[in-house]
Amino acid sequence: MCRPLPHRSFAFACVFALAMSGTQWARGEDPVQSSETSSTGKAPPPTGDAPPDKSDSASGVHNGSNDPASGAIDVLVPGKSDRTSAAGRSGSRVDRRELAETLPRSAPDALRYEPGVYVQQTAHGQGSPFVRGRTGQQVLLMVDGVRLNNSTFRQGPNQYFFTVDARSIHSIDVIRGGASTQYGSDALAGVIQARPIEPTLDPNEKGFAMRPRVFIRGASADTELGFRMQLDAQYSNQLRFIGGFGSRKAEELRASGPVCGPNTTNCSPTNPAIAMVPRFEPDGRTQVGTGYREITGDARLVYSPSPDHKLIGALYLYRQYDSPRTDQCPPPFANRVECLTIDEQFRTLTYLSYRGRGPAAAQSIEATVSFQRQHERRTRDRPQSFIENGGRDAVNTFGVSARVLTELWNPLSWLGARFRYGGDLYDDRIESKAWTIFTDNQIVVPSSRGQYLAGSSFTQGGLFADAEFALPRGIFVRAGARTGFALAAAPGDPASGTLPVNASWPLVVGHIGVESMVYGPVRAFFNYDRSYRTPNLDDLTSRQQAGPGFQLENPNLRPETADTIEGGLRLDLPYGEADVWGYASVVYDSILRIPQPISACPPETPQCNGSWARYQLVNLEDPATIVGFEASARFFLPHGFDLKATLAYAFGESPNPAPKPADPAAPYESTLPLSRIPPLNGTAEIRWEHPMGMYLGAALRWATAQDRLALTDRSDARIPPGGTPGFAVFDARAGYRFSRYVALSVVVENLGDTPYRYHGSSINGPERGFAATLDGGL
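Cut-offs applied
- Residues numbered from 1 in each chain as written.
- Predicted model: local features only at pLDDT ≥ 70, side-chain atom pairs only at ≥ 80, totals over all residues.
- Heavy atoms only, no water.
- Core = buried A, V, L, I, M, F, W, Y, C linked by side-chain atoms within 4.5 Å.
- Buried < 20%, exposed > 50% of the residue type's maximum accessible area, 1.4 Å probe, protein only.
- Helix = DSSP H or I, 4+ residues; strand = E, 2+ residues; numbered from the N terminus.
- Salt bridge = Lys/Arg side-chain N within 4 Å of Asp/Glu carboxyl O.
- Phe/Tyr/Trp six-rings, centres within 6.5 Å; stacked < 30°, edge-to-face > 60°.
- Lys NZ or Arg CZ within 6 Å of the ring centre and 35° of its normal.
- Polar contact = N/O pair within 3.5 Å; in protein donor to acceptor, adjacent residues only side chain to side chain.
- Contact = heavy atoms within 4.5 Å.
- Pairing = 2+ DSSP bridges.

### Focus: the nonpolar core
Taken as a class, soluble globular proteins show a tendency for nonpolar side chains to be buried jointly.
At step 1: The biggest cluster of nonpolar side chains holds 28 residues, and the ones touching the most others in it are Leu111, Leu141, Phe161, Val164, Ile169, Ile172 and Ile192.
At step 2: Secondary structure elements with two or more residues in this core: strand E4 (117-120), strand E6 (139-143), strand E8 (169-176), strand E9 (190-196), strand E14 (309-324) and strand E15 (339-356).
At step 3: Ranked by size, the runner-up nonpolar core spans 19 residues in total, among them Val395, Val501, Leu557 and Ile591.

Next up, the structure:
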């Protein structure tokens, strides 16, 4: 369905056909069938009360995310050149212009130049942002106010932010540091929220207007070719629509060569003595186990009966096919014909949202009802053994959330106050199955359980209240609290030795902070935050092959909580801005992997017996710690120049989860580094723009070596023996807007053709090459 695209109208028809045909768009049924369906003395006003901006965001102009009714992340303060930072917090934004000029391959890739964010890739078609040294379940991902995280997010890096189509994003907001008060579980290290493009509102348009647009993208390192066709329509000032359909195919990714650690004596892609990840083709540059195909679609309808009320209906589809997991295609030391491929990685998100203004106690209101389905189908092919292991998992998530911001209240002449309150509730329902095919005779043997337990459920939610007080002399005090809960239920499976789960956790967390003017343009910040993450169904029930080895479930885990203290300075000048933040986080009941012997492998789990290492998640009895800093600066110079730089460092340490050996002479480390903590890293950018529509730019990404390795890092083939070496990579950018309707953007990446890898990744960075996008419309 929807394969040929001879005309633009077919593309838009496909978007709606996908929605009407269910959420799968899979290529075939599972081989195992089931019944499941597939200084004035007067207080200044609190921050964030700017009026809504109703300008054209579909064309890359600001879309009014400072509007409190828009559900913008925290309370946002306007910055320079469409930059924002969360009020009183360390935060930043990737705006539409940056997306258009840096030409990221994906939504995670768009964050590479943000301070304190480090992007790891387990596969070419995946990407996981680290914030303050943590990722996966400890960073909350959101799309337009809806949680992307669900109860099957893995303990380490995952691919799910990759399923947010970068071509449909207007901006990405980042909060660094704990944020569970407003956002609930998983916001231990921060929140990343993607904001979709909005349909254009032209106040002078009284009738019907259509604005078609086409984006064509290509890149040389992976022979990528893709497109997006978009329609932006408006009927008077009340009804607006924007929708798009896109497709992309990327071939095997070429790197500048292998990346080896300091303990590797022969750094050759053909060296059989090392577990080279990735493997290379004979040319020494083409990475085996890369490449993917994707199809995307989106539709957003906005109805505004009056300027103060807005109803939004939205649908976002992502379909990825044939994406090998690079570190398992082939696995370390295995024959190169063995491969784990994610045959289908699908995400469907639809929601209905009301955003408007009410009385003083509810001046700004956002209420959303959502449904999201995440579907994954994978195949581990072992042709020499005539075995094919298959599996399919799906998570159906129903959500409801509400956020309300009050009017500014001045109970005293010297005191201003504003309050935000709300709540959320999300419910996950799990489908999971697995099977083995003996390919020599096509016998299909179903497994008693899948990666997860079919019929499992996970429900979480809570209520929160936040307050912001403005005092004389530019002092702000902010405080809030949340009461939350989580319920996990999973049936047992005696055939595989799986115990049932029936757990519940009530939680109370909060934060307090103060902001004060130091002098002139310099402000100081101090915050304390307690955030949490409840164990999810992946922790409690999953059995899967992870990077360090095979992971076993633990149904007895407890929530992990983090106390974070942070301080910062912010400089705000007419020609620039700069931030520097330091933080220390103590994580209690931290969930980490502990090695297990082969005798711990349960029945019905052949992958466990065949793995080079086995691990189980446990709660640490003693706390883990993470300390670090991040800094950023941006300055606007005469003659169209601007400069930007970032710097970040994190140091993580935990007690050794393995028991101390009985032999006192045996080597034992009482403390170990936390897994996959990024090294010292940073970026630098320079940009020049001409009033006639041309821009030129150059960028540097760099990182030092990371040789502080956790116990699981040492058996993880994604990390070279002895650690990941440092790198420095230069890019060049250029673009020209020929008219209001046609623009060309080009990036030449890795000018020095340097072999490099982000710590913890399975793939090396692209070779010297180019990426280009042509944008045309009416």
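### Side note on the pattern of salt bridges
At step 1: In total, this model carries 60 salt bridges according to the counting rule given.
At step 2: Among the ionic pairs, Arg112 bridges to Asp109, the shortest N-O distance being 2.4 Å. Residue Arg112 shares its accessibility class with Asp109, and that shared class is buried.
At step 3: Where Glu767 meets Arg285, a salt bridge forms, and the shortest distance between an N and an O atom there is 3.1 Å. Of this pair, Glu767 sits in the loop between strand E37 (742-749) and strand E38 (769-777) while Arg285 sits in the loop between strand E12 (239-250) and strand E13 (292-306); the two residues are 482 residues apart in sequence, bridging distant segments of the chain.
At step 4: A single network of salt bridges, built from pairs that share partners, joins Arg97, Glu98, Glu101, Glu114, Arg634, Asp642, Lys644, Glu685, Arg687, Glu689 and Arg733.

### Details of the packing of aromatic side chains
At step 1: Counting across every chain of the model gives 15 aromatic pairs.
At step 2: Residues Tyr756 and Tyr758 carry aromatic rings whose centres are separated by 6.2 Å and whose planes lie at 70° to one another, so their mutual orientation is edge-to-face.
At step 3: Counting every residue linked through ring pairs, the aromatic cluster contains Tyr118, Phe727, Tyr756 and Tyr758.
At step 4: In this arrangement the basic side chain of Arg147 is found over the ring face of Tyr426, its NZ or CZ atom lying 6.0 Å from the centre.
At step 5: One residue, Arg319, lies across the ring of Phe346, its end atom 4.9 Å from the ring centre.

### So, the side chain of Glu767
At step 1: Glu767 gets classed as buried once you look at its relative accessible area, which sits at 11%.
At step 2: One polar contact links Glu767 to Arg285, side chain to side chain, over a distance of 3.1 Å.
At step 3: Once residues within four sequence positions are removed from consideration, Glu767 is found in contact with Ala221, Arg254, Ala255, Ser256, Arg285, Glu749, Asn750 and Asp753.

### Concerning the sheet that holds strand E7 (residues 146-147)
At step 1: Reading across from one edge, E3-E8-E9-E6-E7 is the order of the 5 strands in this open sheet, with mixed pairing throughout. Sheet topology places strand E3 (90-94) and E7 at the edges, where each strand pairs with a single neighbour.
At step 2: In this structure, E3 lies alongside E8, joined through 5 bridges in antiparallel fashion. Bridge pairing in E8 links Arg93 to Asp173.

### Quick notes on unusual backbone geometry
At step 1: Put simply, Val277 and Pro278 share a cis peptide bond, and its omega is 0°.
At step 2: Topologically, Pro278 is positioned in the loop between E12 and E13.
At step 3: Of note, the bond from Cys329 into Pro330 is cis; its omega dihedral lies within 30 degrees of zero at 0°.
At step 4: Relative to the helices and strands, Pro330 resides in the loop between E14 and E15.
At step 5: One non-glycine residue, Phe386, lies in positive phi territory at about 55°.
At step 6: Summarising the element assignment, Phe386 is placed in the loop between strand E16 (364-382) and strand E17 (387-405).
At step 7: Owing to a relative accessible area of 45%, Phe386 belongs among the partly exposed residues under this scheme.
At step 8: In this structure, His639 takes a positive phi of about 65° despite not being glycine.
At step 9: Inspection of the secondary structure puts His639 in the loop between strand E31 (624-636) and strand E32 (641-655).
At step 10: Residue classification places His639 among the exposed positions, given a relative accessible area of 70%.

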